[in-house]
Structure formats: C-alpha cells, structure tokens
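Now for the letters of each chain:
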Amino acid sequence: MGQILSNLWRKICPKPKNEALKSDNHKANYQKLSHNDENQRQSHCINISDHHDVQLISGCSSPNETIESHENNLDHSNNSNIVVDLSSGYEEHAKKKKTFKEQLLKDHVDQVIPEAVLVKNVTTTISHVVSSVKKIGQYNSAQRILLVGEGDFSFSACLAVAFGTATNITATSLNSEDFLIKNYGKFISNKVELVTRGSTVLHDVDAMKMAKHPLVGSLVFDRIIYNFPHSGKFGKDDDDIRTHKKLVRGFIRNAKKMINEDGEIHITSKSNGIYLKWDIPKIGVDQGLNLIQEIKFKASKYPGYHTKYGFGGDKDFDCNPSKTYKFALSSKSNV
Ligand SMILES: C[S@@+](CC[C@H](N)C(=O)[O-])C[C@H]1O[C@@H](n2cnc3c(N)ncnc32)[C@H](O)[C@@H]1O
C-alpha cells in the first residue's frame, strides 16, 4: 500500500525541476492538455482510476475545488476515482500533498472521489455545451439545416443572425442571383448576413432534383425546410393545384434522401382556403413519412422574415393563417 501511494503521489505531484517551474504560472502542469476550444480550456482535471493510470477528464467547474473537495470528503466509501487539480501553485500544492497523503495513510483509503463531485463536474461541462446552443423558433444552431426555395433569404438570414455563427446553415433558392438582386431590395444584405456567419448560399437549386445536386445532394441534414412552396401557378383550378402538389411531392421525395435518420422535413404552408386542397400531410404520408407534428406558424417569431411571392416583385404576402408540417422517417415520441 505504501509503495502504491508513493508511486501515485509521484504521478500527482512531480517535483519542480527548477525555480522557474515554481513561478511559471503552472504551465508545466498543463502540458498534457490541448486547448483547442472552450470546453477543453475548461478542462484541468485528471482522473486517477483504479490502476492509477492518468487520464484526462473534463469539466471541473473551478480550478480550486478539487483537492479541497476531496479532502473534505474523505470517507471510507467505495469511491473509485481521485480527481486532482493541476492548476494550483506548487507550494500550496506541496502543503496539500502532505496533509492529503497523511490523511490517506491514516484512513487506508486508496481512492477517494465522491461520485457526486464527478457528476457535478460532468454536469457543468454538459450545461456549458448546451448553453452555447442558440435557438430561434423551431430551430437551433446544433442542427444542420437546409433551406429550400428561399425568396429574399430573409428567413435563413434571421436564423443565421440568431445563431451568431451559422456554418450549420445551407440556404438555397431556385432563382438565380441576378433574379434575386433585381427583385428583392434586401437580398444582398441578407446574403451578406449569411455568408459572413459562415453559411453556404446556393442558387439554381431545384427542390425536385436536389438529391442529385453536385454540392448539396451528398450532404445529410437534421432539418430541411421549405417555407411556402408554390409552383408559380396562381389560378385555382385542379391543374394549378396539381402543380403545387407535384412540387411538394418532388421536394419530399428528394428531402427524405437527405435527412439523417432522426432528421425532420418541415413544410410551412397557408392553412386556409384553397391551400387545404393540397393536403400536404397526405403527400408526406404517401411518400412513406410520418407526420410527427403540425403547428401554427407565426412569422413574427422570426424577426426580419419577409414572405415573398417568389415570381417577381418585392411585395410580401400575408402568411396568416399558416402551419408548419413536420415529417420524419420514423414516428417520434419527443415532439
Ligand atoms: C411563395 S414563394 C416563398 C418564398 C420563400 N420561401 C418565402 O417564404 O418567402 C415560393 C418559392 O418557391 C420557389 N420554387 C418554386 N419551384 C421551386 C423548385 N422546383 N425548387 C425550389 N424552389 C422552387 C420559388 O422560387 C419561390 O421563391
């Protein structure tokens, strides 16, 4: 036991090789840790497991909590881990080392980390990651999102602004860039919002063929969104309705090849009058999808969003009342 503890202690608290180490802001203690991102920067604990190998674990919420916590929590329970804070100063560390070692010897305990400490640390890390996910309306920055049939790109720009960094967004239009510049006063500024946040913006993308598109066709998304699909036929006869239904069907047929297994296809459409004849839920179900939810759509939840007719002119159309139909490959219980 004495030998094991002594080896263990040598691993935990190596002696400083020279004076510089004492005053070098503990850099030497960090050398095993990579600091590539915010989460890793917060990681400064090691876990001494049963066989006394040193492994990195993350999520200690405060640099000073660890040893103190462990000393305070010394007991005879069967805890299986020791967490050691490597960021404390050497002298302070040496003092703690002495008392801690004495305590260990006294209590004949080889491993003393209350599980609660580890749980707390892991929880801290998880909540840090979760709190960095940005949300707006039905969407969040952790989802890979494809937008199809955009008008002036105000919807996708609204998501991008809400997310801050928006590399998760791919926004597309059927219309060419020339058409968009000529027709929509805010298209350029919306595109700038997207591109500067790292989003991908593509034009001439046909929703009915997109699974074969050279750039987006091979990608997989968590959400594929088409707001207010419309074929450009403004009449009310059956032929016109058929063209809209054909567009929706073609979009779904392609989108379902491009979502991951938990992904969702969202179609927002007017929910009154002639639009009900499109019967979007049935189109999705006929394509083998599950209608997992239909919810009222409120454009006001998306600041800056302007609903465009899409076939010339910068006028907004009244999108009330409307609904978002959410489809998935399998029936989900979490909606
Ligand atoms: C009523 S507008 C809605 C535009 C935009 N989504 C919005 O919410 O403001 C319909 C849009 O569908 C697009 N569209 C029509 N056929 C399409 C197709 N085959 N593939 C992709 N988009 C298409 C049009 O270019 C037009 O922008």
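Residues numbered from 1 in each chain as written. Predicted model: local features only at pLDDT ≥ 70, side-chain atom pairs only at ≥ 80, totals over all residues. Heavy atoms only, no water.

**Observations concerning the overall build of the chain**
Okay, step 1: The helix and strand tally for the chain stands at 11 helices and 12 strands.
Okay, step 2: Taking all 335 residues of the chain together, 45% fall into the buried category.
Okay, step 3: Sequence-distant contacts in the chain: of pairs separated by 6 or more residues, those separated by 24 or more amount to 74%.
Okay, step 4: Accessible surface for the chain amounts to roughly 17500 Å². Of this, 51% is attributable to carbon and sulfur atoms. (Helix = DSSP H or I, 4+ residues; strand = E, 2+ residues; numbered from the N terminus. Buried < 20%, exposed > 50% of the residue type's maximum accessible area, 1.4 Å probe, protein only. Contact = heavy atoms within 4.5 Å. Areas by Shrake-Rupley, 256 points an atom, 1.4 Å probe, with all protein chains shown as cover.)

**Section: the site of the ligand**
Okay, step 1: In the vicinity of the ligand there are 21 residues, among which Gly-149, Ala-207, Tyr-226, Asn-227 and Tyr-305 approach most closely.
Okay, step 2: Take Ala-207: an N or O atom from its main chain is 2.8 Å from a nitrogen atom of the ligand.
Okay, step 3: Within the side chain of Tyr-305, an N or O atom sits 2.6 Å from an oxygen atom of the ligand.
Okay, step 4: Burial of the ligand by the surrounding chains reaches 96%, relative to a free accessible area of 590 Å². (Near = heavy atom within 4 Å. Polar contact = N/O pair within 3.5 Å; in protein donor to acceptor, adjacent residues only side chain to side chain.)

**Some words on a positive patch on the surface**
Okay, step 1: On the surface, Lys-212, Lys-246, Arg-249, Arg-253 and Lys-257 cluster together to form a positively charged patch.
Okay, step 2: With respect to the secondary-structure elements, Lys-257 resides in the loop between helix 10 (238-255) and strand 10 (259-270).
Okay, step 3: Residue Lys-257 is classed as exposed on the basis of its relative accessible area of 60%. (Patch = residues over 30% accessible without salt bridge, like charges linked within 9 Å, V, L, I, M, F, W, Y side chains within 5 Å. Salt bridge = Lys/Arg side-chain N within 4 Å of Asp/Glu carboxyl O. Lys, Arg positive; Asp, Glu negative; His and termini not counted. Charge placed at Lys NZ, Arg CZ, Asp CG, Glu CD.)

**So, helix 10**
Okay, step 1: Taking 1.5 Å of rise per residue, 18 residues should cover 26 Å, and helix 10 covers 25 Å from first to last C-alpha, within 8% of that figure.
Okay, step 2: Regarding helix 10, the residues found buried are Asp-240, Ile-241, His-244, Leu-247, Val-248, Gly-250, Phe-251, Ile-252, Asn-254 and Ala-255.
Okay, step 3: Buried residues along helix 10 sit in contact with strand 6 (145-148), strand 9 (221-227), strand 10, helix 11 (280-286) and strand 12 (322-328).
Okay, step 4: Near the N-terminus of helix 10, the side chain that reaches the backbone nitrogen of Asp-239, with its oxygen 3.2 Å away, is that of Asp-237. (Expected span 1.5 Å × (residues − 1).)

**Here we look at the pattern of salt bridges**
Okay, step 1: By the definition in use, this model includes nine salt bridges.
Okay, step 2: Each of Lys-308, Asp-314 and Asp-316 takes part in one network of salt bridges that share partners.

**Considerations on the sheet that holds strand 7 (residues 169-172)**
Okay, step 1: Strand order in the open sheet formed by seven strands is 8-7-6-9-10-12-11, with mixed pairing between adjacent strands. Strands with a single pairing partner mark the edges of an open sheet, and in this sheet they are strand 8 (200-202) and strand 11 (290-296). Across the sheet, the mean angle separating the axes of adjacent strands is 15 degrees when strand polarity is ignored. (Pairing = 2+ DSSP bridges. Axes fitted to C-alpha atoms, helices over the stretch in contact; angles between N-to-C directions.)

**Notes on the nonpolar core**
Okay, step 1: The biggest cluster of nonpolar side chains holds 27 residues, and the ones touching the most others in it are Phe-155, Leu-159, Ile-169 and Tyr-302.
Okay, step 2: Sequence-distant contacts of Tyr-302, defined by excluding residues within four places in its chain, comprise Ile-136, Gly-137, Gln-138, Tyr-139, Phe-155, Cys-158, Leu-159 and Phe-297.
Okay, step 3: Leu-146, Tyr-226, Ile-265 and Trp-278 belong to the second largest nonpolar core, which has 26 residues in total. (Core = buried A, V, L, I, M, F, W, Y, C linked by side-chain atoms within 4.5 Å.)

**Re a nonpolar patch on the surface**
Okay, step 1: Nonpolar side chains collect at one region of the surface, where Ile-181, Ile-188 and Val-192 lie side by side and expose about 260 Å² of accessible area between them.
Okay, step 2: Mapped onto the fold, Ile-181 is located in helix 8 (residues 177-183).

**Points about the confidence of the model for the chain**
Okay, step 1: With 60% of its residues at a pLDDT of 70 or more, the chain has an overall mean of 76.
Okay, step 2: When mean pLDDT is taken per element in the chain, strand 6 scores highest with 99 and strand 2 (residues 54-57) scores lowest with 28.
Okay, step 3: The low-confidence segment residues 8-90 (pLDDT under 50) makes 155 contacts with residues lying over four places distant or belonging to another chain. (pLDDT = per-residue confidence, 0-100.)

**Quick look at the packing of aromatic side chains**
Okay, step 1: Applying the stated criterion across every chain yields a total of 15 aromatic pairs.
Okay, step 2: Where Phe-234 meets Phe-311, the ring centres are 5.9 Å apart and the plane angle is 80 degrees; that geometry is what we call edge-to-face. A residue pair is termed long-range when its members are at least 10 positions apart, and Phe-234 in the loop between strand 9 and helix 10 and Phe-311 in the loop between strand 11 and strand 12 qualify at 77 residues.
Okay, step 3: Residue Phe-311 is classed as partly exposed on the basis of its relative accessible area, which comes to 41%.
Okay, step 4: Between Tyr-275 and Trp-278, the ring centres sit 5.5 Å apart and the planes meet at 55 degrees, which makes this aromatic pair tilted. (Phe/Tyr/Trp six-rings, centres within 6.5 Å; stacked < 30°, edge-to-face > 60°.)

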